[in-house]
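Next come the chains, spelled out residue by residue.
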Amino acid sequence: MYDVAQRLGYRSSRDARDLGGSRTQLLALLVPDITNPHIFGLVRGAEAQARAAGFTLVVANTGESPEFERAHLERLDASVDGFLLASSRLADPDLSRLAEGRWMALFNREAAGLPSVTIDSADGGRQVIDHLVAMGHRRIAYLAGPVNAWADAQRWAALSHSARQSGAEVVRCGPFSPTLDSGSAAADVGMASGATALVAFNDLMAIGVLRRLERLHVEVPGQVSVVGHDDIFGADFCHPALTTLASPAEQAGRSLVDLLLGVRRSATAARVVLPGELRVRDSTGSPPG
């Protein structure tokens, strides 16, 4: 039935519905990787805020696939009152089309006309570069994430800008999958770049980098420093403890639900930018020599 409806171009009409007169009291949160610990805080915050407003939150995993993300949106459309999209991998035109007639809010992504919650990438990049430059690093490698990740472009731009301001050099390596297993390849490419510090797209990749460097008997931070993003559960007790740019995931989840439930009261899509905080731990130090 779903395939037939797609071939005919059928879509249920949602234009007359708003969240003040919701039918199901359900909200759907779509996440790219449900196994990423960074998602845990987002789900916890969103669920608490949804419950306080009388809604139930359901979570769907898209597996980093824009096709799965699109399918979830279309299949759940008649069953939920609104969508929360975390780190959407959809292209801007597809996202705009799918948002028509649907209540939707974005986390870790911005798109014209849609409410969003993001982390301050510009200030986060400045914190990372300032920390590494202060320790003496002048050549830094950014281990990039997926090409369709909005946050990847933001982090690269922020690091590049801050490095130019500080007289340092940042080279881009990748892209790599934002997973633990991708850390091995990312570590090898980063080390081959001649950088004395490696900044990973996320903490899962960074922890994978640490594991690879340990197997290669490369001392961290004696020979190379490693920095992650997100401050996931476990970042502070891996070996060595990971220096990372922490993002307030639970607060982001709460803000995301607030934006979605409040969007009907505003003619403009609100944007919330939350601060990140660099957590300095044992994986960063002065470069060799």
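Since we're looking at a predicted model, the values are computed, not measured. (Residues numbered from 1 in each chain as written. Predicted model: local features only at pLDDT ≥ 70, side-chain atom pairs only at ≥ 80, totals over all residues. Heavy atoms only, no water.)

K.L.:
Looking at this structure, I do not really get helix 6 (residues 150-166). What am I missing?
P.N.:
Residue pairs spaced three or four apart in an α-helix point in one direction, given the helix's 3.6 residues per turn. Compared with an ideal rise of 1.5 Å per residue, which puts 17 residues at 24 Å, helix 6 spans 25 Å between its outermost C-alpha atoms and is within 8% of the ideal. Of all the positions in helix 6, only Trp150, Ala151, Asp152, Arg155, Ala158, Leu159, Ser160, Ser162 and Ala163 are classed as buried. Tucked inside the fold, the buried residues of helix 6 contact strand 5 (116-119), helix 5 (121-134), strand 6 (139-143), strand 7 (169-173), strand 8 (197-200) and strand 9 (225-230). Backbone geometry just downstream of helix 6 places Gly167 in the positive-phi region, at approximately 80°. (Helix = DSSP H or I, 4+ residues; strand = E, 2+ residues; numbered from the N terminus. Expected span 1.5 Å × (residues − 1). Buried < 20%, exposed > 50% of the residue type's maximum accessible area, 1.4 Å probe, protein only. Contact = heavy atoms within 4.5 Å.)

K.L.:
I tried to follow the side chain of Thr196 on my own but got confused; where do I start?
P.N.:
With respect to the secondary-structure elements, Thr196 resides in the loop between helix 7 (183-192) and strand 8. If we ignore the near neighbours within four places in the chain, the residues touching Thr196 are His137, Arg138, Arg139, Gln223, Val224, Ser225 and Pro287.

K.L.:
Help me out: how do you make sense of the packing of helix 5 against helix 6 in this one?
P.N.:
The geometry of a pair of packed helices is captured by two quantities: the angle between their axes and the separation between those axes. At their nearest, the axes of helix 5 and helix 6 sit 8 Å apart, and the two run at 45° to each other. On the basis of the axis angle, helix 5 is oblique to helix 6. By crossing handedness, the relation of helix 5 to helix 6 is classed as right-handed. On helix 6, the residues that touch Ser121, Ala122, Gly125, Arg126, Val128, Ile129, Asp130 and Val133 of helix 5 are Gln154, Ala158, Leu159, Ser162, Ala163 and Ser166. A class-by-class count of the residues in the contact of helix 5 with helix 6 yields seven nonpolar, five polar and two charged. (Axes fitted to C-alpha atoms, helices over the stretch in contact; angles between N-to-C directions. Parallel < 35°, antiparallel > 145°, perpendicular 65-115°, else oblique. Left-handed = near helix turned anticlockwise from the far one by under 90°. Nonpolar A, V, L, I, M, F, W, Y, C, P; charged D, E, K, R; others polar.)

K.L.:
Where do I start with the pattern of salt bridges in this structure?
P.N.:
Think of it this way: side chains of opposite charge can pair up when their charged atoms draw near. Summed over the entire model, instances satisfying the criterion amount to 16 salt bridges. Residue Arg126 is joined to Asp130 by a salt bridge in which the shortest nitrogen-to-oxygen separation is 3.1 Å. In this pair, Arg126 and Asp130 both sit in helix 5, four residues apart, roughly one turn of the helix. Among the residues examined, Arg126 registers a relative accessible area of 36% and is labelled partly exposed. (Salt bridge = Lys/Arg side-chain N within 4 Å of Asp/Glu carboxyl O.)

K.L.:
Quick question: what am I supposed to make of the sheet that holds strand 6 here?
P.N.:
Two modes of strand pairing occur in sheets, parallel and antiparallel, and in both the strands are linked by backbone hydrogen bonds. Pairing in this open sheet of six strands is mixed, and the strands run 7-6-8-9-10-12 from one edge to the other. The sheet terminates laterally at strand 7 and strand 12 (277-279), the two strands that pair on one side only. Ignoring which end each strand starts from, the neighbouring axes of this sheet average 20° apart. As defined by bridge partners, strand 10 (residues 243-246) adjoins strand 12 across three bridges and the pair is classed as antiparallel. Residue pairing for strand 12: Thr244 is matched across the bridge by Arg279. Strands in contact with helix 6 are strand 6, strand 7, strand 8 and strand 9; relative to strand 7, the strand with the most contacts, it is inclined by about 155°. (Pairing = 2+ DSSP bridges.)

K.L.:
Mind showing me how you'd approach empty space enclosed by the protein here?
P.N.:
Any space left empty among the atoms is revealed by the rolling of a water-sized probe across them. Applying the stated criterion across every chain yields a total of two cavities of 30 Å³ or more. Within this model, the largest cavity holds a volume of roughly 210 Å³. Every residue lining the largest cavity is counted, 20 residues in all, and those nearest its centre are Asn36, His38, Ser87, Arg89 and Asn108. Those elements that provide at least two residues to the lining of the largest cavity are helix 2 (37-52) and helix 6. Taken together, the residues that form the lining of the largest cavity break down as nine nonpolar, six polar and five charged. The space that makes up the second largest cavity amounts to roughly 130 Å³. Lining the second largest cavity we find 15 residues, and of these Ile119, Ser121, Arg155, His229 and Leu245 sit closest to its centre. Taken together, the elements giving at least two residues each to the lining of the second largest cavity come down to helix 5, helix 6 and strand 9. (1 Å grid on protein atoms, 1.4 Å probe; cavity = no way out; pocket = protein on both sides within 12 Å on 5 of 7 lines; lining within 4 Å. Points joined across faces, edges and corners; volume = space filled by probe spheres on them.)

K.L.:
Teacher, can you tell me more about the nonpolar core here?
P.N.:
Burial of nonpolar side chains together is a common tendency in soluble globular proteins. Counting residues in each nonpolar core, the largest one holds 44 residues, and the members touching the most others are Leu143, Val199, Val209, Leu213, Val226 and Leu242. Of all the secondary structure elements, the ones that give two or more residues to this core are helix 5, strand 6, helix 6, strand 7, helix 7, strand 8, helix 8 (203-215) and strand 9. Looking at this core element by element, the count peaks at seven residues for helix 8. Excluding its chain neighbours within four sequence positions, the residues that come into contact with Val199 are Val128, Leu132, Ile140, Ala141, Tyr142, Leu143, Leu159, Val227 and His229. Ranked by size, the runner-up nonpolar core spans 22 residues in total, among them Leu42, Ala105, Ala252 and Leu256. (Core = buried A, V, L, I, M, F, W, Y, C linked by side-chain atoms within 4.5 Å.)

These values are about where atoms sit, not about what they do.
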